[in-house]
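# Working through the structure, step by step
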Amino acid sequence: MLKVINGKLSVPDMVTVPYIIGDGVGPEIMPVCQAVVNAALEKAYEGTKKIEWKEVLAGERSFQQNGSWLPDETLDTFKEYLIGIKGPLTTPVGGGIRSLNVALRQTLDLYACLRPVRWFRGVNSPLKEPQKVNMVIFRENTEDIYAGIEWKEGTPEAAKFLHFLETEMKVKNIRFPDSSSFGVKPVSREGTERLVRSAIEYALEHKYPSVTLVHKGNIMKYTEGGFKLWGYALARREFSDKVFTMMEYDIISKEEGKEMAKNYLRSAMQEGKLIIKDVIADAFLQNTLLKPEEYSVIATLNLNGDYISDQLAAMVGGIGIAPGANINYKTGHAIFEATHGTAPDIAGENKANPSSLLLSAVMMLEYLEWGKAALLIIKAIEDCFEQNKATGDLARFMENGTILTTSTFGEELITLIKS
């Protein structure tokens, strides 16, 4: 069984991976994912490393079987085995759990939502040079809007909160107080630090040139602005010998002049130091279209990360090839997931693209340090795309594209892996 020993994941040759098959297209894409992963492990390690798949229930499938959208047994299994993988889940309508995905992340304290974004040769992109897009987003997963503190307009709770704002906090600038709903977004120093620390450690380990703190601190000065300042402070305090921050650049520029600051920056880059910088969220979204090569690892809060990860996915071909993971680097818990929805309109038609789930499984293999198998899957996917073969969502945009079903796409990948 997986264990964390002295802060490092200890991985046996046989790993049990709990999985949630998912709703909608989940029952079609999960078996394909598992078959491809099994083939890659066999090819890479000749049977010495294996995954034992263990199904656990959640979502509509679970509700129909036992009346619970997210059974305690499922949570306990993820806690015990540390990692897991899941297909897309239906969000319950009405009361109770707001989102199964959010519930899983918060219960297991999976504070880092990891979203790598890169272009695959053969995939149609709206960009002229999509190969310049190579970023990894660290999206804070437990605070900001995911904390979910809201009061609906017209309720006694909203009235009580308004009274507190106006009488206790002396707030006078609410334009339409009697018809307003209210929301509060908590952003903590601790939450910021553990996310930024993880982003910096990831960038150093994978030899990325920079970490960019994306925020809206020009308007929300104590939440998003705090994220920026706490992030910079963490970088300077814990990684001073390995990083150069643009906050230092600004200080040197004011005290010694811009030319001296540029010299310090050039020297840091020549020494291979990681550059820590920040940018306002709206400027970042524009810059990723105009000069994406300037960004590599991104650390940001929850709402910003939602927008950013979807835009970047669209830039390289769509959310159908966008993987995702939710990780607690301290405890070792991690859930890897398809980033798209349940797609009920094509469920049962053998049309769904399993690439998002497959690439999330690649992230899982990399997390287990089974990188040889991960590379086999990536190469197979790219070879398939370069041959203009894909599921319909991608093939229809390829020149002379060949449309594969969900299952035949998986079979094609397995053939490429074995060859």
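Keep in mind it's a predicted model, so treat the numbers as computed, not measured.

## A word on the overall build of the protein chain
Per the secondary structure count, the protein chain includes 15 helices and 17 strands. In terms of overall dimensions, the protein chain is globule-like: its C-alpha atoms have a radius of gyration of 23 Å, near the 22 Å expected for 419 residues. The C-alpha extent of the protein chain, read off along each of the three principal axes, is 65 × 60 × 50 Å. Looking at the protein chain residue by residue over its 419 residues, the buried ones come to 51%. Restricting to contacts in the protein chain with at least 6 residues of sequence separation, those with at least 24 account for 72%. Taken as a whole, the protein chain presents about 20,000 Å² of accessible surface, with 51% of it coming from carbon and sulfur.

## Here we look at the nonpolar core
Ile83, Ile85, Ile200, Ile377 and Phe385 are the most contacted members of the largest nonpolar core, which totals 95 residues. Among the elements that line this core, the one with the most residues is helix α1 (residues 26-45), at 11 residues. When residues no more than four places from it in sequence are discounted, the contact partners of Ile83 are Leu2, Val15, Val17, Pro18, Phe78, Gly332, Ala334, Phe336, Met364, Tyr367 and Leu368. The next biggest cluster of nonpolar side chains, apart from the first, holds 15 residues, and it includes Val133, Val279, Ala281 and Val316.

## Quick word on the layout of surface pockets
Its volume calculated, the largest pocket comes out at about 1,000 Å³. Secondary structure elements with two or more residues in the lining of the largest pocket: β2 (8-10), β6 (112-118), β7 (134-140), α6 (189-205), β14 (323-327), α12 (355-367) and α13 (371-386). Tallying contributions element by element places α12 first for the lining of the largest pocket, with 5 residues. Partitioning the lining of the largest pocket into residue classes produces 24 nonpolar, 7 polar and 6 charged.

## Some points on helix α7 (residues 224-238)
The terminal C-alpha atoms of α7, which comprises 15 residues, lie 21 Å apart, in line with the 21 Å expected from a rise of 1.5 Å per residue. Buried residues of α7: Glu224, Gly225, Gly226, Phe227, Trp230, Gly231, Tyr232, Leu234 and Ala235, and no others.

## Overview of the pairing of β7
β7 sits mainly inside the fold: 6 of its 7 residues count as buried. Taken together, the 7 bridges between β6 and β7 define a ladder with antiparallel strand orientation. Counterpart to Val117 in the pairing with β7 is Met135. Sheet analysis places β7 next to strand β13 (residues 297-300), joined by 4 bridges and oriented parallel. Following the sheet pairing, Arg139 is matched in β13 by Thr300.

## Focus: the environment of Asp278
By the element assignment, Asp278 lies in strand β12 (residues 274-280). In the structure, Asp278 is positioned 47 residues away from Gly231 in sequence and 9.5 Å away in space, judged by C-alpha atoms. Not counting the four nearest positions on each side in its chain, Asp278 is found in contact with Thr212, Leu213, His215, Lys228 and Tyr232. A distance of 2.7 Å separates a polar atom in the side chain of Asp278 from a polar atom in the side chain of His215. At a separation of 2.7 Å, a polar atom in the side chain of Asp278 contacts the side chain of Tyr232.

## Structural notes on the sheet that holds strand β10 (residues 210-215)
Read from one edge to the other, the open sheet built from 11 strands follows the order β4-β3-β5-β15-β14-β6-β7-β13-β10-β12-β11, with strand pairing classed as mixed. With one partner strand each, in any of the chains shown, β4 (50-55) and β11 (243-245) form the two edges of the open sheet. Neighbouring strand axes in the sheet, compared pairwise and without regard to direction, differ in orientation by 25° on average. As paired strands, strand β3 (residues 14-20) and strand β5 (residues 83-86) are joined by 2 bridges and run parallel to one another. Among the inter-strand pairings, Tyr19 is bridged to a residue of β5, identified as Ile85. Here α6 sits on the sheet and contacts β6, β7, β10, β11, β12 and β13; the angle it forms with β7, its principal contact strand, is near 160°.

## A word on the environment of Ile327
With respect to the helices and strands, Ile327 occurs in strand β14. For the pair Ile327 and Ser198, spaced 129 residues apart in sequence, the C-alpha separation works out to 9.8 Å. Every residue in contact with Ile327, bar those within four places of it in the chain, is listed here: Leu110, Tyr111, Ala112, Leu114, His333, Ala334 and Tyr367.

## A word on the packing of α7 against helix α8 (residues 246-256)
At a minimum axis separation of 9 Å, α7 and α8 run at an interaxial angle of 90°. Comparing the axis directions of α7 and α8 gives the class roughly perpendicular. Across the interface between the two elements, Lys228, Leu229, Tyr232 and Arg236 from α7 touch Met246, Met247, Glu248 and Ile251 from α8. Grouping the amino acids of the contact of α7 with α8 by side-chain chemistry returns 5 nonpolar, no polar and 3 charged.

## Quick look at a negative patch on the surface
There is a patch of like negative charges on the surface, built from Asp72, Glu73, Asp76 and Glu80. Position of Asp76 relative to the elements: it lies in helix α3 (residues 72-81). For Asp76, a relative accessible area of 43% translates into the label partly exposed.

## Examining the side chain of Asn287
Its place among the elements puts Asn287 in helix α10 (residues 281-290). Among residues more than four places away in sequence, those in contact with Asn287 are Val279, Pro292 and Tyr295.

## Focus on the packing of aromatic side chains
For the structure on display, the rule yields 12 aromatic pairs. Judged by centre distance (6.4 Å) and plane angle (55°), the rings of Tyr45 and Trp370 are tilted. Here Tyr45, found in helix α1, pairs with Trp370, found in the loop between α12 and α13; they are 325 residues apart in sequence, far enough to count as distant. In this structure, Tyr45 and Trp370 share a single accessibility class: buried. Relative to Tyr208, the ring of Tyr202 lies with its centre 6.2 Å away and its plane at 20°, an arrangement referred to as stacked. Per residue, the accessibility class of Tyr202 equals that of Tyr208, and both read buried. The rings of Phe138, Tyr202, Tyr208 and Tyr329 are connected pair by pair, giving a single aromatic cluster. Across from the ring centre of Tyr45, 5.7 Å away, lies the NZ or CZ of Lys49, which sits over that ring. Geometry around Phe120 places Arg118 over its ring, the cationic atom sitting 4.0 Å from the centre.

Cut-offs applied
Residues numbered from 1 in each chain as written. Predicted model: local features only at pLDDT ≥ 70, side-chain atom pairs only at ≥ 80, totals over all residues. Heavy atoms only, no water. Helix = DSSP H or I, 4+ residues; strand = E, 2+ residues; numbered from the N terminus. Rg over C-alpha atoms; globule rule 2.2 N^0.38 Å. Buried < 20%, exposed > 50% of the residue type's maximum accessible area, 1.4 Å probe, protein only. Contact = heavy atoms within 4.5 Å. Areas by Shrake-Rupley, 256 points an atom, 1.4 Å probe, with all protein chains shown as cover. Core = buried A, V, L, I, M, F, W, Y, C linked by side-chain atoms within 4.5 Å. 1 Å grid on protein atoms, 1.4 Å probe; cavity = no way out; pocket = protein on both sides within 12 Å on 5 of 7 lines; lining within 4 Å. Points joined across faces, edges and corners; volume = space filled by probe spheres on them. Nonpolar A, V, L, I, M, F, W, Y, C, P; charged D, E, K, R; others polar. Expected span 1.5 Å × (residues − 1). Pairing = 2+ DSSP bridges. Polar contact = N/O pair within 3.5 Å; in protein donor to acceptor, adjacent residues only side chain to side chain. Axes fitted to C-alpha atoms, helices over the stretch in contact; angles between N-to-C directions. Parallel < 35°, antiparallel > 145°, perpendicular 65-115°, else oblique. Patch = residues over 30% accessible without salt bridge, like charges linked within 9 Å, V, L, I, M, F, W, Y side chains within 5 Å. Salt bridge = Lys/Arg side-chain N within 4 Å of Asp/Glu carboxyl O. Lys, Arg positive; Asp, Glu negative; His and termini not counted. Charge placed at Lys NZ, Arg CZ, Asp CG, Glu CD. Phe/Tyr/Trp six-rings, centres within 6.5 Å; stacked < 30°, edge-to-face > 60°. Lys NZ or Arg CZ within 6 Å of the ring centre and 35° of its normal.

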